Amino acid sequence: MVQAWRQFIAIRQALRGYQKERGKPSLMVVHVAWKAGWWALWLHYRHRIPLVLAEHWSGYLPENKQFKGFLLRWLTRKLVQKAAFVVCPSAVLAQAMQAHGLQNRYVVIPNVVDTATYSPNKTVDKGGYFLHVSNLAPVKRFDLVLTRFQRFRNAHPQAKLLVAGAFDVAAANQKFQGQLEGVTLLGVQSAADLAALYRSAVALLLCSSFETFSIVVPEALACGCTVLAPALPALRQHLPLGGLHLLEPLNEDAWQEAMRHCWLQPSSQVAAEWTPDEHPYSPAMVGRQWLSLLKRLKDVA
């Protein structure tokens, strides 16, 4: 309740500052229904401001099963009901929301890749390592990443695995002790450093149980890094980017063969090439989609 009160005060102060400088907002884009939805509904009813819901949460997916509880379900249904549009980064998430009875006008707009930072460099040599990027949550199946890497390393002892992401390095070292031979846990990296890791890696390894979009996949592909990932529905939309290899999740021989191919021929990946502004997930391209959608808002709000 203390946190909720602080959020309320902060949003009220932000609104007052905005109104003082620019007047009443003409619309709202609400990023994720819970918990921002409470304040969005208050603003909607209090000031009659139309809204668009941009949802990213994986809890709607049947594999996750986190869309439960009276308050969460009530808030989400009310917000979806009042929204002019619901924007999702993938058709998979949109379909999952609709399966919960959350009916509205759904629009798929991808998440943004900072293509000024995540871009290829053909002069960079591959660094002799595989890369995994995640927060090491259970859904990311880091245990499976380690199992596959260690099996590969039995045949290629010089192989390395670097692991970056928003996790506590000390805690991860303790949790996975005994499984980290040839593995370096890096933790959080700056965008520039992460881009450099992508460019030098022979491949990005992703073994998630499910995904709604997975921003690390298009980031890696934008840097010219091959991505080996399970054939999840949400990842199929990244195939036109080139360099993505989707594998049967439990076909261990196929994973080992794909890793071996990347290891022996690290420069053989073929990724589509765009200028930073022409990339399908660039700020310019995604921004145009958002601008087009918001211009339609006045016709349906």
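The structure we're discussing is the one just above.
Residues numbered from 1 in each chain as written. Predicted model: local features only at pLDDT ≥ 70, side-chain atom pairs only at ≥ 80, totals over all residues. Heavy atoms only, no water.

A.B. asks: Help me understand the overall build of the protein chain, please; the structure alone is not making it clear to me.
C.D. replies: Per the secondary structure count, the protein chain includes 10 helices and 10 strands. Taking 2.2 N^0.38 as the reference for a compact globule, 301 residues should give roughly 19 Å; the C-alpha atoms of the protein chain span a radius of gyration of 21 Å, in line with that estimate. With the C-alpha coordinates aligned to their principal axes, the bounding extent of the protein chain is approximately 65 × 40 × 35 Å. Each of the 301 residues in the protein chain was classed as buried or not, and the buried ones make up 47%. Accessible surface for the protein chain amounts to roughly 15200 Å². Of this, 55% is attributable to carbon and sulfur atoms. Here the protein chain carries 32 positive and 19 negative side-chain charges, and the mean point of each set is 14 Å from the other. (Helix = DSSP H or I, 4+ residues; strand = E, 2+ residues; numbered from the N terminus. Rg over C-alpha atoms; globule rule 2.2 N^0.38 Å. Buried < 20%, exposed > 50% of the residue type's maximum accessible area, 1.4 Å probe, protein only. Areas by Shrake-Rupley, 256 points an atom, 1.4 Å probe, with all protein chains shown as cover. Lys, Arg positive; Asp, Glu negative; His and termini not counted. Charge placed at Lys NZ, Arg CZ, Asp CG, Glu CD.)

A.B. asks: Please explain the side chain of Asn111 as it appears in this structure.
C.D. replies: Its location among the elements puts Asn111 in the loop between β4 (106–108) and β5 (129–133). In this structure the side chain of Asn111 is engaged in a polar contact, spanning 3.5 Å, whose partner is the side chain of His56. For Asn111, the residues in contact, after removing those within four places along its chain, are His56, Pro89, Phe213, Ile215, Tyr281 and Val286. (Polar contact = N/O pair within 3.5 Å; in protein donor to acceptor, adjacent residues only side chain to side chain. Contact = heavy atoms within 4.5 Å.)

A.B. asks: Any chance you could explain the packing of aromatic side chains here in plain terms?
C.D. replies: Under the criterion given, the structure shown has 13 aromatic pairs. With a centroid separation of 5.2 Å and an interplanar angle of 75°, the aromatic rings of Trp57 and Tyr60 are classed as edge-to-face. With relative accessibility at 30%, the residue Trp57 sits in the partly exposed group. Taking the centre distance of 6.0 Å and the plane angle of 20° together, the rings of Phe130 and Trp263 count as stacked. Of the two residues, Phe130 sits in strand β5 while Trp263 sits in helix α9 (residues 252–264), which places them 133 residues apart along the sequence. Just as Phe130 is buried, Trp263 falls in that class too. One aromatic cluster is present, formed by Trp5, Phe8, Trp39 and Trp42 through successive ring pairs. (Phe/Tyr/Trp six-rings, centres within 6.5 Å; stacked < 30°, edge-to-face > 60°.)

A.B. asks: Explain the pattern of salt bridges here, please?
C.D. replies: Any two side chains of opposite charge can pair, given that their charged atoms come close. With the rule as written, the count across this model stands at six salt bridges. Among the salt bridges present, the one from Asp253 reaches Arg151, with a minimum N-O distance of 3.0 Å. With Asp253 in helix α9 and Arg151 in helix α5 (residues 142–155), this pair connects stretches of sequence that are 102 residues apart. For Asp253, a relative accessible area of 53% puts it in the exposed group. The exposure class of Arg151 is partly exposed, given its relative accessible area of 38%. Arg260 is the partner of Glu257 in a salt bridge, and the nearest nitrogen-oxygen pair spans 2.7 Å. With Glu257 and Arg260 both in helix α9 and three residues apart, the pair spans about one turn of that helix. (Salt bridge = Lys/Arg side-chain N within 4 Å of Asp/Glu carboxyl O.)

A.B. asks: Looking at this structure, I do not really get the sheet that holds strand β10 (residues 244–247). What am I missing?
C.D. replies: Pairing between the strands of a sheet comes from backbone hydrogen bonds, and it takes one of two forms, parallel or antiparallel. An order of β7-β6-β5-β8-β9-β10 is seen for the six strands of this open sheet, with the pairing classed as parallel. Because the sheet does not close on itself, it has two edges, and the strands there are β7 (183–187) and β10. Strand-to-strand twist of the sheet, defined as the mean angle between neighbouring strand axes without regard to direction, takes the value 25°. Both strand β6 (residues 160–164) and β7 contribute to a ladder of four bridges, which runs parallel. Considered in β7, the bridge of Ala164 is made with Gly187. Along the sheet face, helix α7 (residues 191–200) touches β5, β6, β7 and β8 (203–205) and points at about 140° away from the line of β5. (Pairing = 2+ DSSP bridges. Axes fitted to C-alpha atoms, helices over the stretch in contact; angles between N-to-C directions.)

A.B. asks: Even after reading the chapter, I still don't get α9, so can you show me in this structure?
C.D. replies: Residues separated by three or four positions in an α-helix point in the same direction, a consequence of the helix having 3.6 residues per turn. With 13 residues, α9 extends 18 Å from end C-alpha to end C-alpha; this agrees with the ideal 18 Å at 1.5 Å per step. All buried positions along α9 are accounted for by Trp255, Gln256, Ala258, Met259, Cys262 and Trp263. Here the buried residues of α9 occupy an arc of 165° about the axis, which is enough to place them on one side. (Expected span 1.5 Å × (residues − 1). Arc of directions from axis to C-beta.)

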